[in-house]
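Results of the structural survey
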Amino acid sequence: MSSTELPGARAAVVATVPEVAAVRVAEGEELRSVALPGLTLTVRSRPPTRPGLPPALYVHGLGGSSQNWSSLMPLLADVVDGEAVDLPGFGDSPPPDDGNYSVTGHARAVIRHLDASGRGPVHLFGNSLGGAVATRVAAVRPDLVRTLALVSPALPELRVQRTAVPTALLALPGVGSGFSRLTSGWSAERRTRAVTALCYGDPGRVSDEAFGYAVAEMERRLQLPYFWDAMVRSARGIVDAYTLGGQHGLWRQAERVLAPTLLVYGGRDRLVSYRMARRAAVAFRDSRLLTLPDAGHVAMMEYPETVAQAFRELTDDCGRS
């Protein structure tokens, strides 16, 4: 058992993936498939503007994909050699062989990729679920992380916001399948509008072109037989991680992080409470806080220039120290 594994992981039969539309690749991006023991990951990369830049890895949130970083990556291409990963069961990555969608399972996938690629230590970015995953990686494998940048990280809250309750309920037995049946008649456009309203502080910031791309991606995902399973099991993984105590508790692991950390919180976030920003700033020992009053849950998509500038300042200060 590796240092990131917890007992009780259950094996699952890997679903057969049907022929679906190709994943969108923005201009300047490249996709490749990485085969690792027990899983296959799709990695999205953007060549740096010059050779020799330090590596970075971007990790998306629940229901997202590597495309969630396509607005930020080009803004940092002169600072880092960036890659964004599709976590197992999301984006273009198939489910893991063992069916483990826990935060630990996703962290293990990231660690395996970094170990196999030899790119570490990296500037590690994480949003939402990806923020929890990145926190765990930085705590258990500090040798793999140069700096940590967390956008609305999914760290345990004592009082969950009412707007986040429906997402948390996905973790309960039967709720995911029930919701799937209840919304079976919803179009991809309706689903995308609901997700946009939940994740953006101001959905009006989404351009018609970007919304069209999101609808096409939603249509593609709905054809995948494991779509709901990955969502439900990953939501359950977040809830389970919230209940862990001791050395596996996420706040305890946040306190163990040695890497300089940038924390980004949105004032209109409906999934991760803005009030958690202060607690996070205290928990991460070497941290700086960027608060965006008008941002929602995905600040790197809503205000990519501001997030990019904050990261540049972090790396500049690290370089001077």
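Values in this document were obtained by computation on a predicted structure and should not be read as measured data.

1. Points about the nonpolar core
In globular proteins that are soluble, nonpolar side chains generally tend to be buried together. L124 and F284 are the most contacted members of the largest nonpolar core, which totals 54 residues. Here the element with the most residues in this core is helix 2 (residues 129-140); it accounts for 8 residues. Those residues within four positions of F284 in sequence are excluded, and the remaining contacts are T135, L148, L150, L155, A254, V257, T261 and L263.

2. Focus: the packing of helix 5 (residues 188-199) against helix 6 (residues 208-222)
Contact geometry for helix 5 and helix 6: axes closest at 9 Å, N-to-C directions at 115 degrees. On the basis of their axis angle, the class for helix 5 and helix 6 is roughly perpendicular. In the crossing of helix 5 with helix 6, the sense of the turn from one axis to the other is right-handed. Residue-level inspection shows A188, E189, R191, T192, R193, V195 and T196 of helix 5 in contact with helix 6, the latter providing F211, A214, V215, M218, E219 and L222.

3. A look at the packing of aromatic side chains
One pass over the full model with this rule turns up 5 aromatic pairs. Geometrically, the ring pair formed by Y58 and W69 is tilted, given 5.3 Å between the ring centres and 45 degrees between the ring planes. Taken together, the residues span a long stretch of sequence, with Y58 in strand 3 (residues 55-59) and W69 in the loop between strand 3 and strand 4 (81-86) at a distance of 11 residues. Summarising the aromatic geometry, the rings of F227 and W228 are spaced 5.2 Å apart at their centres and angled 75 degrees between planes, so their arrangement reads as edge-to-face.

4. Considerations on the pairing of strand 3
A large share of strand 3 lies buried, amounting to 5 of its 5 residues. Here strand 3 shows a buried face lined by P55, L57 and V59 and a second buried face lined by A56 and Y58. Here strand 3 pairs with strand 4 via 5 bridges, running parallel. Paired with P55 across the two strands is D81, which belongs to strand 4. Of the pairings in the sheet, the one linking strand 3 to strand 5 (residues 122-127) comprises 4 bridges and is parallel in character. Looking across to strand 5, one finds that Y58 is bridged to F125.

Cut-off values and rules
Residues numbered from 1 in each chain as written. Predicted model: local features only at pLDDT ≥ 70, side-chain atom pairs only at ≥ 80, totals over all residues. Heavy atoms only, no water. Core = buried A, V, L, I, M, F, W, Y, C linked by side-chain atoms within 4.5 Å. Buried < 20%, exposed > 50% of the residue type's maximum accessible area, 1.4 Å probe, protein only. Helix = DSSP H or I, 4+ residues; strand = E, 2+ residues; numbered from the N terminus. Contact = heavy atoms within 4.5 Å. Axes fitted to C-alpha atoms, helices over the stretch in contact; angles between N-to-C directions. Parallel < 35°, antiparallel > 145°, perpendicular 65-115°, else oblique. Left-handed = near helix turned anticlockwise from the far one by under 90°. Phe/Tyr/Trp six-rings, centres within 6.5 Å; stacked < 30°, edge-to-face > 60°. Pairing = 2+ DSSP bridges.

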